[in-house]
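Listed here are the chains, written in short residue letters.
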Amino acid sequence: MTPLSRALLATAVLLAPLAVTTPAAASPGCTSSVPYTAGRDGYAAYRIPATVTTRTGTVLAFAEGRRRGTGDTGDIDVVLRRSFDGGCTWDPLTVVAAGKGDTRGNPAPVVDPRTGRIVLVTSYNSGAVTEAQIMRGEVTPAQGRRVFVQTSGDEGRHFTAPREITARVKRPDWRWYATGPGHAVALTRGPHAGRLVVPANHSAAPPKGSSDTGREAKYYGGHAIYSDDGGRTWHLGFVDGAYDGHANANESSAAQLPDGTLYFNARNQNGTNPGHRLDSYSGDGGETLDRPYAVQHTLDDVPVVQGSVLQLHGRHAPLLFSGPSVPTARRAMAIWRSTDRGATFTKALTLSRQRAAYSDVVQLADGRIGVLYETGTTGTYDRIEFRRIPLPDVE
């Protein structure tokens, strides 16, 4: 080949259009990926992961994109990346709910079993106020915590604009309010099949005459909201309102057990009862609790942090829980399993000894589970990693 021919061939290669393909199945060698890294795509940090799979197997990884740092206050967007190969590679980041200087977060996504639409419930407050100020009642209703819903009918490519539902799901005397975070639940059996249930938490105002400010941890409580029409209308379900300081339910997760019962697992926000996890059950689709929240002592290794629960498919499949596994530190993300409906849990797998915090678990279409979790080496929130785990490792 002459020098001129080589030059022409090189030019043709450079000018040829690139072929873009979407892989149909995950590479067998793929064990993990990193959809979010601090400092990239215009965000100083990413936090609060949530994940679901669509009817066609697309994995959706939601998070909060925090523009100014890791703090919970300020200019925060809800962002999304999608994967078509089981969490090995990811589409470019998109903004699902823009803060525009305010705070939008606590993503709680769920796939409607009737229509396949993704329903996303999130929380909002003014970017100029803090959780402490909201709990002390020092903000206006417009500045305080509010609740919104969005939907997508095209696998998460586009979402409707956030629609407010605060008046339907928040009591007037509540101050703080947070949906999830982590995936919500679609009921698939029993008299409430098709219902969408979002675990949530709130804080209440102190009783009149009290010297408390409302900032005390005992004013946290758990609750649930639900929709029976695919997210169009919403109702307030059970309310955990003891506020006695013994068991302070905070960030919550839920799973539907094989018999149709709902299992709720919540962060114990510095209650006087020993143990950092609380749980309960609901036999009526989240409208009431079968018993008050109680400490789940087989999860005593978990520190004070958000955690996630997932019921695997199959009548005798285990219930899973994800969270850090060092009682005094956010470190060493792990998976626990329960074969007795959440009565007891046994550690099944430790993913890493690195720092770790919030997480969400999803069942994938290729015989694995995915764990979307905050982790890092120099800091707890360096990145959000997606770990793919074969089912035999946790069953």
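Undergrad: Explain the nonpolar core to me, using residue names and the numbers behind them.
TA: Val 121, Ile 165, Val 169, Tyr 177, Val 198, Ile 225 and Trp 234 are the most contacted members of the largest nonpolar core, which has 18 residues in total. Sorting the residues of this core by element identifies strand E6 (103-111), strand E7 (118-125), strand E8 (146-152), strand E10 (174-179) and strand E12 (196-204) as the ones contributing at least two each. Top element by residues in this core is E12. It accounts for four residues.

Undergrad: So what's going on with the state of the cysteines? Residues and values would help.
TA: Summed over the entire model, instances satisfying the criterion amount to one disulfide. Disulfide pairing is shown between Cys 30 and Cys 88; the S-S distance is 2.1 Å. Linking Cys 30 and Cys 88, the disulfide has an S-S dihedral of approximately -125° and is accordingly described as left-handed. With a gap of 58 residues between them, Cys 30 in the loop between helix H1 (3-15) and strand E1 (32-37) and Cys 88 in the loop between strand E4 (76-83) and strand E5 (94-97) connect regions that are remote in the sequence. Cys 88 shares its class with Cys 30; the two are buried.

Undergrad: I'd like a description of the pairing of strand E2 (residues 45-53), backed by residues and values.
TA: Along E2, eight of the nine residues are buried, which leaves the element largely enclosed by surrounding structure. Sheet topology note: the E2/strand E3 (residues 59-66) ladder contains seven bridges and is antiparallel. When the sheet's bridge partners are listed, Arg 47 is paired in E3 with Glu 64.

Undergrad: Lay out the sheet that holds strand E15 (residues 249-256) with the relevant residues and their values.
TA: Across the sheet, four strands lie side by side as E15-E16-E17-E18; this open sheet has antiparallel pairing. For this open sheet the edge positions go to E15 and strand E18 (294-295), each flanked by a neighbour on one side alone. Examined bridge by bridge, strand E16 (residues 262-268) and strand E17 (residues 277-282) share six bridges and lie antiparallel to one another. Directly across from Leu 262, in E17, lies its bridge partner Ser 282.

Undergrad: Quick rundown of the packing of aromatic side chains? Include the residues and the values.
TA: This model, assessed by the stated rule, comprises twelve aromatic pairs. Taken together, a centroid distance of 4.9 Å and an interplanar angle of 35° make the contact between Tyr 36 and Tyr 46 tilted. Residue Tyr 36 is found in strand E1, and its partner Tyr 46 is found in strand E2; the two are separated by ten residues along the sequence. Take Tyr 36 and Tyr 46: they sit in the same class, and that class is buried. A connected cluster of aromatic rings, assembled from ring pairs, spans Tyr 263, Tyr 281, Phe 321, Trp 336 and Phe 345. Between Arg 47 and the ring centre of Tyr 358, over which it is positioned, the NZ or CZ distance is 4.6 Å. A cation over a ring is seen here: Arg 145 above Trp 176, with NZ or CZ 4.0 Å from the ring centre.

Conventions used here
Residues numbered from 1 in each chain as written. Predicted model: local features only at pLDDT ≥ 70, side-chain atom pairs only at ≥ 80, totals over all residues. Heavy atoms only, no water. Core = buried A, V, L, I, M, F, W, Y, C linked by side-chain atoms within 4.5 Å. Buried < 20%, exposed > 50% of the residue type's maximum accessible area, 1.4 Å probe, protein only. Helix = DSSP H or I, 4+ residues; strand = E, 2+ residues; numbered from the N terminus. Disulfide = S-S within 2.5 Å. Pairing = 2+ DSSP bridges. Phe/Tyr/Trp six-rings, centres within 6.5 Å; stacked < 30°, edge-to-face > 60°. Lys NZ or Arg CZ within 6 Å of the ring centre and 35° of its normal.

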